[in-house]
Amino acid sequence: MDPFCAGNIHPCCHLRKIHEIRMHKQMETYGKILLVAMPAFLLLVLFEKWYGWKKGVETVRTMDMISSLGSGVTNVTKDVLGLAFVILSYPFLVRHLALTHTPAGFLVYVVAFIALDFAGYCVHRLQHVVNFFWNGHLIHHSSEDFNLACALRQSISSIVRTFIIFLLPAALLGVPKEVIEVVAPLHLFAQFWYHTRHIGKMGFLEKIIVTPSHHRVHHAINPEYIDRNYGQIFIVWDKWFGTFCAERADIPPVYGITRPVQTWNPVRINFQHVALLARDAWYTRDWKDKFLLWFKPTGYRPADMIGKYPVFKIENVYQFEKYDPPASPALKAWCWFQLVMLLFFLSYLFGNIGPIVKIDPTDIYVYGGFIFLTVYAMTELMDRHPWAWIWELVRSGSGLFIILDKGDWFGVKNYSTLIVFFLTAYFISCIIAAVVFSIPRQQKPALQLPDSTVG
């Protein structure tokens, strides 16, 4: 028993209980939203792959798509589990800074949507121009393709949220936090559709909203396009603040980042840039740079580090090979199967968070760790790393240990005992398959650390 809660009368116990209830309610709500959104996104991604095949314009490579979906899984898992810190809360801003209150009704939702979009523009631009903040956005630009799947490449490294300060206009207008909470997911999901090469320019809409054409420019690493079109829903912010660039027929966009990540592993990608910054800060002899390089313009490195620890950079964007380690049809089929199992595990987590749960609340974070480990092991195998089988041994070994220890898999027996036997066979098969796929492999060049130059 918690000594601070003895007798169930201490105020600390009461406040802690309220916080836990609110946290689990938020987990439940977001999880239920994602249970609907995930299948819709997946179907659209698969439809785009089929459509490209049908038209003879392939824009979705299998391994790149699986990597993108794996990145999306890690991001939503982090968000549902609440693995982030808010230094300044929106309710605090409203409570202390509101000059008026926007009347209830349709108008308050319009104001909230516009305020969110302006805040999104500001944060997006900040991520591109400041060294440290680029680390939280690099993952979204890391794909060397441009498709609906790459929209799902979102960060797990941004555990401190800076977004709230840019919602100051909404706070000054007294927009309730409940409205922001409703509008925010809609605003986020509305950014999915324009990540495609199959939609051309859209007439007069090009002047108002962000279109696929505008966003293709944003993801391009061509010198003519780089660091443009930060808008999320409305393109007017870019036109007002001088960051707009139209797509040109004579300059086809080339996608990615100029310091290619050279891995399918989204966990690695999330921390590559900050690892580079930390190494530069540690080894540079310039004491001022040790502290200031984090806040320098994106791409900055101390002069002594450029020569001592050079990193590969694409000099000619029209002459480089996309990252594509050899993968047999059997390996691709296995990765498809692993993706299906990953989505099954994720759906089970989201479907069992709430007041009536089959997953014990104390085990939710253990389950989340298993999801992360699943993505890591799967993408290490996709990278053809010789030690990929070790990661799979850790993951599947952990799964077998849980089953042997509890005789269950996070309450799945409530549905059917047969699922436990299936998962036991699955984990054993994964270990065998990982050994088979990772030992016989072609030699692969060493990975290069990416620079902070944006794409």
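None of the values given here were measured: they were computed from a predicted structure.

1. Concerning the environment of Val-217
Topologically, Val-217 is positioned in helix α9 (residues 212-219). The spacing of Val-217 and Asn-229 is 12 residues in sequence and 7.0 Å in space, taken between C-alpha atoms. When neighbours within four sequence positions are excluded, Val-217 is seen to be in contact with Tyr-225, Arg-228, Asn-229, Cys-245, Ala-246 and Glu-247.

2. Side note on helix α2 (residues 62-80)
Taking 1.5 Å of rise per residue, the 19 residues of α2 would be expected to cover 27 Å, and the 27 Å separating its terminal C-alpha atoms lies within 8% of that figure. Most of α2 sits out of view: 18 of its 19 residues are buried. Gly-82 sits one or two residues past α2 and shows a positive phi near 70 degrees.

3. A short note on the pattern of salt bridges
Counted according to the given criterion, the structure contains 11 salt bridges. As a salt-bridge pair, Arg-153 and Asp-64 come within 3.1 Å of each other at their nearest N and O atoms. With Arg-153 in the loop between α6 (138-141) and β2 (160-161) and Asp-64 in helix α2, the pair connects residues that are 89 residues apart, well separated along the chain. Across the pair, Asp-64 and Arg-153 agree in class, each one buried. A salt bridge links Asp-280 to Arg-301; its shortest N-O distance comes to 2.8 Å. Taken together, the residues Asp-280 in helix α11 (residues 266-283) and Arg-301 in the loop between α12 (287-292) and α13 (303-308) connect sequence positions 21 residues apart. Note on Asp-280: relative accessible area 1%, which makes it buried. Taking the relative accessible area as the measure of exposure, Arg-301 reaches 7% and is therefore buried. Ionic contacts of the salt-bridge type, sharing partners, join the residues Arg-61, Asp-145 and Lys-322 into one network.

4. Topic: the packing of α2 against helix α14 (residues 329-351)
At their nearest, the axes of α2 and α14 sit 11 Å apart, and the two run at 15 degrees to each other. Relative to α14, α2 is oriented roughly parallel. Considering the relative orientation of α2 and α14, their crossing is left-handed. Here Thr-62, Met-63, Met-65, Ile-66, Leu-69, Val-73, Val-76, Thr-77 and Val-80 of α2 lie close against α14, whose contacting residues are Leu-331, Lys-332, Cys-335, Trp-336, Leu-339, Leu-342, Leu-343, Leu-346, Leu-349 and Phe-350.

5. Let's talk about the side chain of Asn-229
Looking at the element boundaries, Asn-229 is found in the loop between α9 and α10 (236-241). According to the relative accessible area criterion, Asn-229 is buried, its value standing at 2%. Here the side chain of Asn-229 touches Cys-245 through a polar contact of 2.8 Å, landing on its backbone nitrogen. When residues no more than four places from it in sequence are discounted, the contact partners of Asn-229 are His-214, Val-217, His-218, Ile-235, Asp-238, Thr-243, Phe-244 and Cys-245.

Analysis parameters
Residues numbered from 1 in each chain as written. Predicted model: local features only at pLDDT ≥ 70, side-chain atom pairs only at ≥ 80, totals over all residues. Heavy atoms only, no water. Helix = DSSP H or I, 4+ residues; strand = E, 2+ residues; numbered from the N terminus. Contact = heavy atoms within 4.5 Å. Expected span 1.5 Å × (residues − 1). Buried < 20%, exposed > 50% of the residue type's maximum accessible area, 1.4 Å probe, protein only. Salt bridge = Lys/Arg side-chain N within 4 Å of Asp/Glu carboxyl O. Axes fitted to C-alpha atoms, helices over the stretch in contact; angles between N-to-C directions. Parallel < 35°, antiparallel > 145°, perpendicular 65-115°, else oblique. Left-handed = near helix turned anticlockwise from the far one by under 90°. Polar contact = N/O pair within 3.5 Å; in protein donor to acceptor, adjacent residues only side chain to side chain.

That's the geometry; what it means functionally is another story.
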